[in-house]
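What follows is each chain in one-letter form.
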Amino acid sequence: MERHMLFCLCLLSLPGLIASGLIGQPRSIGKRQTQGTIVNGIEIQRMKVNCRVTSRFANYVITSQAINHGSTAKEIIFDVEIPKTAYISNFLLTVDGVPYPGNIKDKVIAWKQYRKAVVRGETAGLVRASGRKMEKFNIAVNIGAGSKVSFELTYEELLKRHLGKYEIVIKVKPRHLVKQFEIEADIFEPQEISMLDAQASFLSGDMTQFIEKSFSGKKGRVYFNPTIDQQQTCPTCTKSLLDGDFTIKYDVKRDTVCDLQVVNKYFAQFFAPKNLKNMVKNVVFVIDISGSMAGQKIKQTRQALLKILDDIKPDDYFNFILFGGRVRAWKNSLIQATAANLQEARVFVQTFNLAGATNLNSGLLEGINILNKAHEVDPRLRNNAPIVIMLTDGEPTVGETNLTQIRMNVKNAVQGKFPLYSLGFGENVDFNFLEAMSLENDGAARRIYRDNDAAEQLQGFYEEVANPLLKDVEFQYPKASIQALTENRVKQFYDGSEIVVAGQLTDGGKKGFKADVTGRGASQDLVTTCSVDEEEMEKILRERGHMFEQHIERLWAYLTIQQLLEKRTKANSEKEVNDLSAKALELSLKYKFVTPLTSMVITKPGDPDDQLAIADKPGEEEMAELLKKPRRTMLLPAHQQPPASRLPPRPQGPPSHVTGVDGDPHFIIQVPEKDDAVCFNINEEPGVVMSLIQDPDTGITVNGQLIGDKNHGNGKNKNTYFGRLGIMNQKMGFTLEVTPQNITLRSGMKGPVFSWLDQVTLRQQGVTVTIIPTRKLMVSMDDGATMVVVLHHVWKKHPVHQDFLGLYTVDSHKMSPRTHGLLGQFFHPFDFEVFDVRPGSDPKKPDATMLVKNHRLVVTRGSQKDYRKDPWLGSDVSCWFVHNNGDGLIDGIHTDYIIPSIF
């Protein structure tokens, strides 16, 4: 068996690694080619990264499809990197039409599957540390000759504002040419977007024009879709030049201090006011000068401190505390950053010597004491923003070495007056200890990696805290309105950052809901009250609908889990750890997040007990250990067909006879032989049931019932949609009823009922049913087509529309020639001819004449949405629209397909 790397695609939402730019000549835009896309028998047909951002909360979906054109089985690896701050929420692997969905489970419960997988030599825990801010997710699948494989990975995160911008950095490295490569970002910000930019390090200046970027009001979009020509390193090369960072940066308007968003029972408040005066800061640097800092570490530390001294403002106060075996203070108290004092400090930083062991406890306490004493002695300093920044490369070796006691000593000394930031240099620090100590003193810990840019890492951290704007910021909400609340107190707020508070409201808590915000500033205190602009919220919900509702709730869940895990890190008792873990686990399972308390496993169809652990999220220390180990991959068995029945690889283009019905209702028929599509609408009354697919040979039947708008009247513009689907296979005794609320497996009219929130795979006599939560349902029949049902959510309070369903069929060539129905009649090739293209009533939509089924029809060029792969935004499909309920295209007239009941 051969091994082939499918691709490597890295994603992160904070500043990432910088790749060198492309050096070369621009290539012309040419017709997309297929030559060179097949390497070692493997063709990567499609790669797409779809990023949707709504109110800073980002949802990423990475999809990839490949086919094995070779004559032997090959192993293909799906290999991506995601931010450490992100949570995987879904994974779906499909091999030859057989779905292998990922399911989120309690990590303890999943351990049995872990051990089972390890015994077989397969991976248990495939999310691994990769670099500074990344985790690697990879999975291998062995596919047979002529087989297809597709991967879909979803993860979510809250974008953090960093130095005045939100950043999405996509590190791209597909290794080979890809027939269809896409990066698409859709951004929606209720505050309105103030700037948006996108760059690719692998594109030279004149080729960046191929990145589409635009924003207006609340919406922004970035799109990158390089042709084969643009991907090639040279005209005859098969190597891809897509190797580097694709970076998107944006920010929002801040015309008001308040940005309070309330949807149903959840709210989010974003706080980053502008035009605030920088506060004077009192900063103490506590530096480890033990023997282990010798060499490059101390050299880089000196470089960073010298640069920081250049950036300290004249009004600031500072001091240095050095600790080795003994503790040494540069000055006995804080001193102002005058030119003379800064010059003296530069000489000190360049000349101090290293000294033996590591007395971390005494060094930290001395730095804290100098800060406390300065505030007592000089009242002027009390209004400044105090900060302690500590750097160490190892564990304490002399003095107090008990880590629990050190934490207690530091907390008692700080007494909640100022934040403590801990920087761990290299791999030998106890990062969990530094993180716990910093978190319980209102700060944070950061690992500094031993690399050529360590000085820049140190300096970069200082830039984040160099400009405090407010201290003791607090958000207060009506107690009777709040059921759950994330952290609402922040010790210090820095320029270029943002505070996010989210919560869950009680029943009726939305009425009169407001937020009182207070904070202490440089010249005056901040006191403001934020209320909800209900009219604006209604407008936003109409614009964004269910996507906005879902994101606010999931943002709250994400932030709550993150903060519960932070509290668990600094917890001092086993009971407290267990209580916090239980709360975080409950939310992780409810919202399907892979966190340190949960794992993702794949269940093989047909064997509910045969589960393979594919995704785990180790802690910081586990990450360091995983980096040292070789990569392990999990092999899934190929879904093999007997050689005589295996179909030869088909030429690429639109999928074979993909048909679908969606929306109001719009029927889309893709015709690969014509490299084109036709479409038509059906206008009927709510309650009408229509025959969509009927195959007497395979026994497959699909019927759909129409629903109308909430206030369906007799107006001209009445809308109808499919609100109920019945999918049956009489020969297999299989009956499935699908509505926007439930999915019911009806066996003898009784069977299990599932919601769209469930993540389930069912196998019954050759039929596999897979529920992908909140999005779509897949029904695969061994001897027939695969059907995809898409759930469309609309805003719950929308005055007109309601939730509805879309239906698509894939691989419909497997159905018999006798298949009929509004969709079924188009499962097999048919011919048509279009000519005499001419201007229509709409200048953008030309008319033409179509000859089809011995009918001459007037058709109009237009487009419809295909939501099969993207249930939220969909993709446009250009088609020739046949008027009058498909008259002349469909067999008979549309009323011939009306039937009395759905079953």
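Bear in mind that the values here come from a model prediction, so they are computed numbers and not experimental data. (Residues numbered from 1 in each chain as written. Predicted model: local features only at pLDDT ≥ 70, side-chain atom pairs only at ≥ 80, totals over all residues. Heavy atoms only, no water.)

## Comments concerning the overall build of the protein
Stated precisely, the cut-off is as follows: Comment: elements are numbered from the N terminus, with helices defined as DSSP H or I runs of at least four residues and strands as E runs of at least two. Remark: exposure states derive from per-residue accessible area (1.4 Å probe, protein chains only) relative to the maximum for the residue type, with buried under 20%, exposed over 50%, and partly exposed in between. Note on definitions: a residue-residue contact is assigned when non-hydrogen atoms from the two residues lie within 4.5 Å. Computed with the Shrake-Rupley method and a 1.4 Å probe, the accessible areas treat only the protein chains shown as cover for residues.
Summing up its helical and strand segments, the protein has 13 helices and 53 strands in all. Every one of the 903 residues in the protein was classed for burial, and the buried ones make up 59%. Of all intrachain contacts in the protein linking residues separated by at least 6 positions in sequence, the fraction that spans at least 24 positions is 70%. Just so you have it, the protein exposes about 36800 Å², and 49% of that area is on carbon and sulfur atoms.

## Focus on unusual backbone geometry
Unlike most non-glycine residues, K592 shows phi in positive territory, near 60°. By the secondary structure assignment, K592 is in the loop between helix 11 (574–590) and strand 32 (598–603). Although it is not a glycine, N885 adopts a positive phi angle of roughly 60°. With respect to the helices and strands, the residue N885 is situated in helix 13 (residues 883–886). The exposure class assigned to N885 is buried, which follows from its relative accessible area of 17%.

## A closer look at the environment of V327
Considering the arrangement of structural elements, one finds V327 in strand 21 (residues 327–329). Placed 33 residues apart in sequence, V327 and L360 show a C-alpha to C-alpha distance of 8.9 Å. Contact partners of V327, with chain neighbours within four places excluded, come to I321, L322, N359, S362, G363 and E366.

## Side note on the nonpolar core
Grouped burial of nonpolar side chains is what soluble globular proteins tend to show. The condition that has to hold: The nonpolar core is taken to be a set of buried Ala, Val, Leu, Ile, Met, Phe, Trp, Tyr and Cys residues, with the residues joined through side-chain atoms within 4.5 Å.
Counting residues in hydrophobic clusters, the biggest one holds 59 residues, and the most contacted among them are F91 and F246. In terms of residue count, the dominant contributor to this core is strand 3 (residues 42–54) (6 residues). Not counting residues within four places of it along the chain, the set of residues in contact with F246 comprises I168, V169, I170, V172, I183, Q199, A200, F202, I211, V222 and F224. In this structure, V671, L745, F826 and L889 belong to the second largest nonpolar core, which totals 55 residues.

## Details of empty space enclosed by the protein
So the rule is basically this: A cavity here means a set of 1 Å grid points, computed over protein atoms only, where a 1.4 Å probe fits but cannot escape. A pocket is an open set with protein on both sides within 12 Å along at least 5 of 7 lines, and lining residues have an atom within 4 Å of a point. Grid points are joined across faces, edges and corners, and a volume is the space filled by probe spheres set on the points.
In the structure shown here, the tally under the stated rule is 5 cavities of 30 Å³ or more. Put simply, the largest cavity is a space of about 120 Å³. When contributions to the lining of the largest cavity are tallied by element, the ones reaching two or more residues are strand 19 (281–288), helix 3 (296–311), strand 23 (385–392) and helix 8 (454–465). In terms of residues, the lining of the largest cavity owes the most to one element, helix 3, which gives 4 residues.

## Examining the side chain of E157
In plain terms, the rule: Neither His nor the chain ends is counted toward charge; the positive residues are Lys and Arg and the negative residues Asp and Glu. Criterion for a salt bridge: a side-chain nitrogen of Lys or Arg within 4 Å of a carboxyl oxygen of Asp or Glu. Polar contacts here mean pairs of N or O atoms no more than 3.5 Å apart (in protein, one a potential hydrogen donor and the other a potential acceptor; neighbouring residues in sequence count only if both atoms are side-chain atoms).
Looking at the element boundaries, E157 is found in strand 10 (residues 148–158). Although E157 lies buried, it forms no salt bridge, and the closest oppositely charged side chain, K160, sits 8.7 Å away as judged by the N-O distance. In terms of polar contacts, E157 uses its side chain to reach the side chain of Y60, at 3.2 Å.

## As for the confidence of the model for the protein
What counts is decided by this rule: In predicted models, pLDDT denotes the confidence assigned by the predictor to each residue on a 0 to 100 scale.
Taken as a whole, the protein shows an average pLDDT of 83; of its residues, 85% reach a score of 70 or greater. Predicted confidence for residues 1–34 stays below pLDDT 50, and this span has 134 contacts to residues more than four positions away or in other chains. For residues 121–126, every residue scores under 50 in pLDDT, and the model assigns this stretch 28 contacts once sequence neighbours within four places are set aside.

## Focus on the environment of D251
Mapping D251 onto the fold places it in strand 16 (residues 244–252). If near-sequence neighbours (up to four positions away) are discounted, D251 is found in contact with R161, G164, Y166, I193, S194 and M195. Only 3.1 Å separates the side chain of D251 from the side chain of R161, close enough to count as a polar contact.

## Side note on the sheet that holds strand 26 (residues 468–476)
Counted only if it meets this: Whether two strands pair depends on DSSP finding at least two bridges between them. Axis definition: a line fitted to C-alpha atoms, over the contacting stretch in the case of helices. Angles run 0 to 180 degrees between N-to-C directions.
Sheet architecture is open: 4 strands sit in the order 28-26-30-31, paired in antiparallel fashion. The sheet is open, and its two borders are formed by strand 28 (489–494) and strand 31 (526–531), each paired with just one other strand. Averaged over all neighbouring strand pairs, the angle between strand axes comes to 25°, with direction disregarded. As defined by bridge partners, strand 26 adjoins strand 30 (residues 514–520) across 4 bridges and the pair is classed as antiparallel. Across the sheet, residue F475 finds its bridge partner in strand 30, namely V517.

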